[in-house]
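# Architecture and fold: a report
One letter stands for each residue in the lines below.
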Amino acid sequence: MKFIKWLTNIDRRIIFLLMIGAVLVPMLFTIPIPFEVGEPVQNAFNAIDTLKPGSVIMLSVDYDATSYPECQPMIVAITDHAFRKDLRIILLGHIPTGLPLGQEALERGAAEYNQNHKAEYRQAVKHAGEELKRHTAGYQESLKSAAAEFDQEYTPRHQETLDSLVSDYLEKVDSAAVKFQKHTFEYWEAVKYAGEGFNRHAAEYQKRLEGGVREKNSGYVRILERAAAEYDKHVTEYQEDLGHAADQYLKRYGIDFVNLGYRPGVVAIIVGMGREIRDFYHKDYQNINVDSLHMMADVHNYDDIATLVSFAHGTAVESWVAYAGARFGQQIIGGVTGVVAPDLYPYLQSGQLAGLLGGLKGASEYESLIKKKGLASRGMPAQSTAHILVILLIVIGSMAEFALDISKRRGT
Amino acid sequence: MKRTLPLIITFLAGVFVVVTFFIPREPFGSLEQRMLVWASILGGFTLLLGIDSLIKHHGRKLARREKDWFYSLVTLLGLFGTLAAGIVTWAKYGTPLELASLNEVGGFFWVYKWVMVPLQGTMFALLAFFIASAAYRAFRARTFDATLLLIAAILVMIGRLSMGVIPATLVLAVLLVAAGIHRLLIRKPVFGAVLAVAGVGLGALVLAFPQDAIRLAPQVQEWLMSVPQTAARRGILIGVTLGTIAMSIRIILGIERTYISST
């Protein structure tokens with residue numbers, strides 16, 4: 001009987017010790033665990049996975065370090081997924097002490113992505129350079145041929161040929177710029193510089209060409225060749241610039257992701273952004289003008305944001321649903337702690353939430369969907385053993401209570 | 001006048017916000033936006049008020065050497081220390097939020113990463129211990145309602161396990177059988193029999209079809225969350241929302257005045 005009484009009132013210090021063991025022991029071993037993905041997480045994954053490359057998603061950091069173990073794996077996993085899908089990310093938040101955690105997730109995600117794609121990127125840049133070189137060779141041939149023809153007779157047709165070559169070149173450079181600008185800002189700058197340089201050079205060439213018309217002598221061809229050689233030098237410089245660009249990371253701040261920082265006034269901000277983001281965030285977290293950030297050029301309000309994900313340990317998701325979702329039709333996904341998740345099921349069922357990641361389990365399910373074992377998957381065994389311990393304690397306490405009750409009734 | 005003016009301002013602001021919400025056309029749209037910007041600016045000033053209040057409260061405690069004054073000292077040191085770290089980083093990099101300060105002792109992000117994050121994390125981690133202890137003491141299947149609550153809670157916990165579903169479910173089955181026997185012994189035969197049979201059935205099914213049990217556990221949890229839990233939650237939500245609307249109308253019309261004064 002003494003033992004049963006003890007079971008109904010185990011010293012809390014013993015419970016604390018058991019909890020330490022339950023959390024620590026699974027961390028010492030790697031336990032492979034298969035995950036069943038729940039519908040809310042699957043829906044969240046699908047909502048992001050089906051977005052077109054280049055779409056903008058907004059991540060709202062509405063938690064701080066107290067919820068790091070549950071919410072950080074979520075933002076890490078979704079950032080990773082977004083970068084893989086070539087989505088652009090806007091980070092902001094309603095808890096100032098949580099925002100650096102979001103920034104950390106983005107920086108790490110970008111660095112990892114860049115590392116994984118460095119070789120691929122170098123190959124693409126090399127290919128672009130080869131294309132440009134081939135085009136340049138063709139262009140030089142055309143120049144020489146034009147010069148040879150011109151030596152006999154200059155007509156407006158030659159002028160047109162030259163104009164067409166120049167515009168063709170610029171078009172290709174522009175196209176290359178569009179293709180690569182999202183990868184590195186430097187590359188885009190390099191291409192732009194090369195384009196401007198060539199344009200200047202082409203104008204000079206035309207001037208010399210016209211000078212050649214007046215001279216009508218054999219020195220004209222020499223002038224053309226010198227112009228071509230100069231152009232060749234310029235192309236070499238351009239290729240060197242490309243090489244420098246290739247050394248840069250692929251996912252860059254301002255091009256692929258931005259951090260708008262913290263502004264006070266949760267509801268005012270959420271509603272106000274429906275009209276213009278710049279009314280509240282005219283500068284980013286480092287005081288850089290938002291208009292100078294490349295990826296923000298075409299982003300003004302919720303119409304330009306495909307999906308919003310709020311990572312929260314409080315009522316922030318409900319605010320997003322009530323003001324951004326209900327009023328502006330913004331698609332919203334919640335990434336919340338296990339305690340908050342039950343509050344959001346009504347919104348999930350009504351379709352006001354496109355998906356929901358609840359607690360460490362939700363984060364680990366998302367990790368399994370993107371096929372990346374991260375913080376959540378590593379933390380799940382410890383959480384599971386802690387849950388089992390709690391279940392055991394509850395059952396032991398209840399069974400001891402039953403025994404005590406029966407013995408009291410029998411008067412023993 | 002001291003009370004009337006705030007009531008008039010509240011009435012006008014309240015009506016204006018409601019009107020602009022439902023009429024997005026100009027000039028209401030831009031006026032609403034302007035008011036939202038004002039609200040955000042006012043929100044910024046509340047932070048200043050908070051800091052002022054914090055300094056006054058703890059400064060007074062410290063000056064008078066009141067009980068637990070040492071904690072006030074730590075609070076103020078934390079506040080001004082973080083401020084100093086921010087100013088130093090700002091002076092060095094032109095912004096206090098320079099990530100490079102993460103690796104500099106005393107830098108703003110260094111303080112954030114190595115002081116604030118661990119402190120907050122530690123505080124929250126303590127919950128695991130208190131929850132375990134509290135659950136053990138409070139969750140007892142003493143009554144019918146408590147037993148139902150307990151079964152639902154354990155099923156939800158089992159559904160969120162990534163391992164150990166079978167032993168945890170067997171433990172639940174044992175609890176059901178024990179609760180059933182207890183009810184039978186205290187002469188509550190119907191409920192006792194139901195619980196005992198449910199426990200034996202659950203145990204037998206789990207042992208006979210362990211893989212199906214592992215597969216079904218998250219689905220049972222999902223059903224509990226999305227059907228009974230959501231039904232109750234939705235009822236509460238509707239009640240809270242109606243209450244909020246009623247309270248807002250009372251405040252706008254000046255019926256509810258407690259926000260002006262505590263008396």
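Residues numbered from 1 in each chain as written. Chains lettered and ligands numbered in written order. Predicted model: local features only at pLDDT ≥ 70, side-chain atom pairs only at ≥ 80, totals over all residues. Heavy atoms only, no water.

This brings us to the overall build of chain B. Check the secondary structure of chain B and you find 8 helices and 0 strands. The order of α-helices and β-strands along chain B, N terminus first, is α-α-α-α-α-α-α-α. For chain B, the spread of C-alpha atoms along the principal axes amounts to about 70 × 55 × 45 Å. Expressed as a percentage of its 263 residues, the buried residues of chain B come to 29%. (Helix = DSSP H or I, 4+ residues; strand = E, 2+ residues; numbered from the N terminus. Buried < 20%, exposed > 50% of the residue type's maximum accessible area, 1.4 Å probe, protein only.)

A separate point is the pattern of salt bridges. Where charged atoms from two side chains of opposite charge approach closely, those side chains can pair. Inspection of every chain in the model, using the stated rule, returns 21 salt bridges over all chains. With its nearest N and O atoms 3.7 Å apart, the salt bridge here joins A:Arg108 to A:Glu104. Taken as a pair, A:Arg108 and A:Glu104 lie in helix H5 (residues 99–152) at a separation of 4 residues, close to a single helical turn. Overall, A:Glu104 belongs to the buried group, its relative accessible area being 17%. Note that A:Glu401 is salt-bridged to B:Arg140, the shortest N-O span being 2.9 Å. (Salt bridge = Lys/Arg side-chain N within 4 Å of Asp/Glu carboxyl O.)

Attention shifts here to the nonpolar core. Residues and elements named next belong to chain A. Ile57, Leu59, Ile75, Ile78, Ile89, Phe311 and Tyr366 are the most contacted members of the largest nonpolar core, which has 42 residues in total. It is helix H4 (residues 68–84) that contributes the most residues to this core, 7 residues altogether. Residue contacts for Ile89: discarding those within four places in its chain leaves Ile57, Leu59, Thr79, Ala82, Phe83, Leu106, Asp256, Phe257, Val258 and Met295. With 40 residues, the next largest nonpolar core counts Leu293, Val299, Ala341 and Leu353 among its residues. (Core = buried A, V, L, I, M, F, W, Y, C linked by side-chain atoms within 4.5 Å. Contact = heavy atoms within 4.5 Å.)

Moving on to the confidence of the model for chain A. All names here are of chain A. Mean pLDDT over chain A stands at 79; residues scoring 70 or higher make up 67%. The weakest mean pLDDT in chain A belongs to helix H6 (residues 156–180) at 57; the strongest belongs to strand S4 (residues 307–312) at 96. Every residue in residues 179–184 scores below 50 in pLDDT, and together they form 24 contacts with partners more than four places removed in sequence or on other chains. (pLDDT = per-residue confidence, 0-100.)

So, about the domain arrangement of chain A. Residue and element names in this part refer to chain A. In terms of domain boundaries, chain A breaks down into domain 1 (1–30 + 377–412), domain 2 (35–89 + 96–117 + 254–373) and domain 3 (122–249). Look at where the C-alpha atoms of domain 1 and domain 2 centre, and you get two points 38 Å apart. Contact between domain 1 and domain 2 buries roughly 580 Å² in total, counting both sides, with carbon and sulfur atoms accounting for 63%. By the criterion of area lost to domain 2, the three top residues of domain 1 are Ser377, Met380 and Gln383, representing 77% of everything that side buries. Applying the counting rule to domain 1 against domain 2 returns 0 salt bridges. Where domain 1 packs against domain 2, one counts 1 residue pair in polar contact (both at pLDDT 80 or more). Tallied by class, the residues present in the side of domain 1 that touches domain 2 amount to 1 nonpolar, 4 polar and 1 charged. (Domains from an automatic or database assignment. Buried area = accessible area lost by both parts, 1.4 Å probe. Polar contact = N/O pair within 3.5 Å; in protein donor to acceptor, adjacent residues only side chain to side chain. Nonpolar A, V, L, I, M, F, W, Y, C, P; charged D, E, K, R; others polar.)

Residues and elements named next belong to chain B. Structurally, the position occupied by His58 is in helix H2 (residues 28–63). Among the residues examined, His58 registers a relative accessible area of 14% and is labelled buried. There is a polar contact of 2.9 Å between the side chain of His58 and the side chain of Ser72. Residue contacts for His58: discarding those within four places in its chain leaves Ser72, Thr75 and Leu76.

Once that is clear, we can look at helix H12 (residues 359–369) of chain A. Residues and elements named next belong to chain A. Where burial is concerned, most of H12 is hidden: 10 out of the 11 residues are buried. Buried within H12 are the following residues: Gly359, Leu360, Lys361, Gly362, Ala363, Ser364, Glu365, Tyr366, Glu367 and Leu369. Note on H12: the residue one or two positions beyond its end, Lys371, has a positive phi of about 55°.

Let's shift gears to the interface of chain B and chain A. The interface of chain B with chain A comprises 68 residues on the first partner and 74 residues on the second. For the salt bridge of B:Arg142 with A:Glu401, the shortest nitrogen-to-oxygen distance reads 2.7 Å. The interface formed by chain B and chain A contains 24 residue pairs in polar contact (both at pLDDT 80 or more). Counting only elements with at least two residues in the side of chain B that touches chain A, the list comes to helix H1 (4–22), H2, helix H4 (108–138), helix H5 (144–159), helix H6 (165–185) and helix H8 (210–252) of chain B. Residue contributions to the side of chain B that touches chain A peak at 16 residues, all from H4(B).

Moving on to the sheet that holds strand S3 (residues 257–262) of chain A. Residue and element names in this part refer to chain A. Spatially, 6 strands are ordered S3-S2-S1-S4-S5-S6 in an open sheet, and the strand pairing comes out parallel. With one partner strand each, in any of the chains shown, S3 and strand S6 (355–358) form the two edges of the open sheet. Averaged over neighbouring strand pairs, the angle between their axes works out to 15° when direction is ignored. Bridging between S4 and strand S5 (residues 332–336) involves 5 bridges; their strand directions are parallel. Paired with Ser310 across the strands is Gly334, a residue of S5. Relative to the sheet, H12 contacts S5 and S6, its axis offset from that of S6 by approximately 120°. (Pairing = 2+ DSSP bridges. Axes fitted to C-alpha atoms, helices over the stretch in contact; angles between N-to-C directions.)

We now examine the domain arrangement of chain B. Annotation of chain B at the domain level lists domain 1 (4–47), domain 2 (52–126) and domain 3 (139–253). Distance between the C-alpha centres of domain 1 of chain B and domain 3 of chain B: 46 Å.

For the rest of this paragraph, the subject is the packing of helix H3 (residues 39–49) of chain A against H12(A). Residue and element names in this part refer to chain A. Relative orientation of the contacting elements H3 and H12 amounts to 50°, with a least axis distance of 9 Å. When the interaxial angle is binned, H3 and H12 end up oblique. Classified by chirality, the crossing of H12 by H3 is right-handed. In contact with Val41, Gln42, Ala44, Phe45 and Ile48 of H3, H12 contributes Gly362, Glu365, Tyr366 and Leu369. Looking at the contact of H3 with H12, its residues break down into 6 nonpolar, 2 polar and 1 charged. (Parallel < 35°, antiparallel > 145°, perpendicular 65-115°, else oblique. Left-handed = near helix turned anticlockwise from the far one by under 90°.)

So, about the side chain of A:Ser384. Note on placement: A:Ser384 falls in helix H13 (residues 375–410). Among residues more than four places away in sequence, those in contact with A:Ser384 are B:Leu161, B:Ser162 and B:Met163.

Okay, helix H7 (residues 189–208) of chain B next. Residue and element names in this part refer to chain B. Counted at 1.5 Å a residue, the expected span for H7 with its 20 residues is 28 Å, and the 28 Å between its end C-alpha atoms agrees. Within H7, burial applies to Phe191, Gly192, Leu195, Ala196, Gly199, Gly203 and Val206. Buried residues of H7, viewed axially, fall in a sector of 130°; they line one side. In H7, the exposed residues that point more than 90 degrees away from the buried face are Val190, Val194, Val197, Val200, Leu205 and Ala208. As for H7, its buried residues are in contact with H5, H6 and H8. (Expected span 1.5 Å × (residues − 1). Arc of directions from axis to C-beta.)

With that settled, the discussion passes to the environment of A:Ile332. Residues and elements named next belong to chain A. Among the secondary structure elements, Ile332 is positioned in strand S5. By relative accessible area, Ile332 is classed as buried at 0%. Counting along the chain gives 288 residues from Ile332 to Ala44, while the straight-line C-alpha distance between them is 9.1 Å. Dropping the residues within four chain positions of it, Ile332 is found in contact with Leu308, Trp320, Val321, Ala324, Gly325, Gln352, Leu353, Ala354 and Gly355.

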